[in-house]
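Chain residues, written in single-letter form:
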Amino acid sequence: MYILEVISGPLDGKTWSFDREITIGRDDALAAACITLDRYVSRRHAHIRADAEGLVLTDLESRNGTKVAGEPVNGGATLAFGDRFLVGRTTLRVRQAE
């Protein structure tokens, strides 16, 4: 089990739990992690998938992109627990549930 956590942005402190994958976006019909208050987040913005090699973050062709360590995500980016990434103007991280 994993926890996706907002660490900076309009929903600071908000969390979502997920088992294997989660979609991030502004539309709750399309995204389990819904960030409605950030107008720079696309309806279906990014996706995180946990596999045998770790966590993979993918930008879903969002208008404003997804960044890890200030660099745009092209294709997929590997995340370590605690790595910060930017979706719109919201900073998030993934950690393992206790």
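The structure under discussion appears in the preceding block.
Anyway, here's the lowdown on the structure attached to this text. (Residues numbered from 1 in each chain as written. Predicted model: local features only at pLDDT ≥ 70, side-chain atom pairs only at ≥ 80, totals over all residues. Heavy atoms only, no water.)

### Some thoughts on the pairing of strand 11 (residues 90-96)
No. 1: Bridging between strand 1 (residues 2-8) and strand 11 involves 6 bridges; their strand directions are antiparallel. Opposite Y2, over in strand 11, you have Q96 as the bridge partner.
No. 2: Sheet topology places strand 10 (residues 84-87) next to strand 11; 4 bridges connect them, and they run antiparallel. Opposite F85, over in strand 11, you have L92 as the bridge partner. (Pairing = 2+ DSSP bridges. Helix = DSSP H or I, 4+ residues; strand = E, 2+ residues; numbered from the N terminus.)

### Section: the packing of aromatic side chains
No. 1: Within the structure shown, the criterion is met by 2 aromatic pairs.
No. 2: Between Y2 and F18 the ring centres are 5.4 Å apart and the planes differ by 35°, which places this aromatic pair in the tilted class. Of this pair, Y2 sits in strand 1 while F18 is found in strand 2 (residues 15-18), placing the two residues 16 residues apart along the sequence. No difference in accessibility class separates Y2 from F18, as the two residues are buried.
No. 3: For the ring pair Y2 and F81, a centre distance of 5.8 Å and an interplane angle of 20° mean the geometry is stacked. In this pair, Y2 is assigned in strand 1 and F81 in the loop between strand 9 (76-79) and strand 10, connecting sequence segments 79 residues apart.
No. 4: Given a relative accessible area of 42%, F81 falls into the partly exposed group.
No. 5: Each member of the aromatic cluster is reached from another via a ring pair, and the members are Y2, F18 and F81. (Phe/Tyr/Trp six-rings, centres within 6.5 Å; stacked < 30°, edge-to-face > 60°. Buried < 20%, exposed > 50% of the residue type's maximum accessible area, 1.4 Å probe, protein only.)

### Remarks on unusual backbone geometry
No. 1: Of note, the phi angle at E61 is positive, near 55°, even though the residue is not glycine.
No. 2: As for its position among the elements, E61 is in the loop between strand 6 (54-59) and strand 7 (66-68).
No. 3: Positioned with a positive phi, A69 is a non-glycine residue whose angle comes to about 55°.
No. 4: Structurally, A69 is set in the loop between strand 7 and strand 8 (71-72).
No. 5: According to the relative accessible area criterion, A69 is exposed, its value standing at 73%.

### Concerning the environment of D38
No. 1: Mapped onto the secondary structure, D38 falls in the loop between strand 4 (33-34) and strand 5 (46-51).
No. 2: The exposure class assigned to D38 is buried, which follows from its relative accessible area of 4%.
No. 3: Those residues in contact with D38 that lie beyond four places of it in its chain are P10, R26, V87, G88, R89 and T90.
No. 4: Only 2.9 Å separates the side chain of D38 from the backbone nitrogen of Y40, close enough to count as a polar contact.
No. 5: A polar contact of 2.7 Å, which involves the side chain of D38, links it to the backbone nitrogen of R89. (Contact = heavy atoms within 4.5 Å. Polar contact = N/O pair within 3.5 Å; in protein donor to acceptor, adjacent residues only side chain to side chain.)

### Digging into the side chain of S62
No. 1: Mapped onto the fold, S62 is located in the loop between strand 6 and strand 7.
No. 2: Polar contacts involving the side chain of S62 include one to the side chain of H45, which spans 3.2 Å.
No. 3: A polar contact of 2.6 Å, which involves the side chain of S62, links it to the side chain of D59.
No. 4: Residues contacting S62, with those up to four places away along its chain left out, are S42 and H45.

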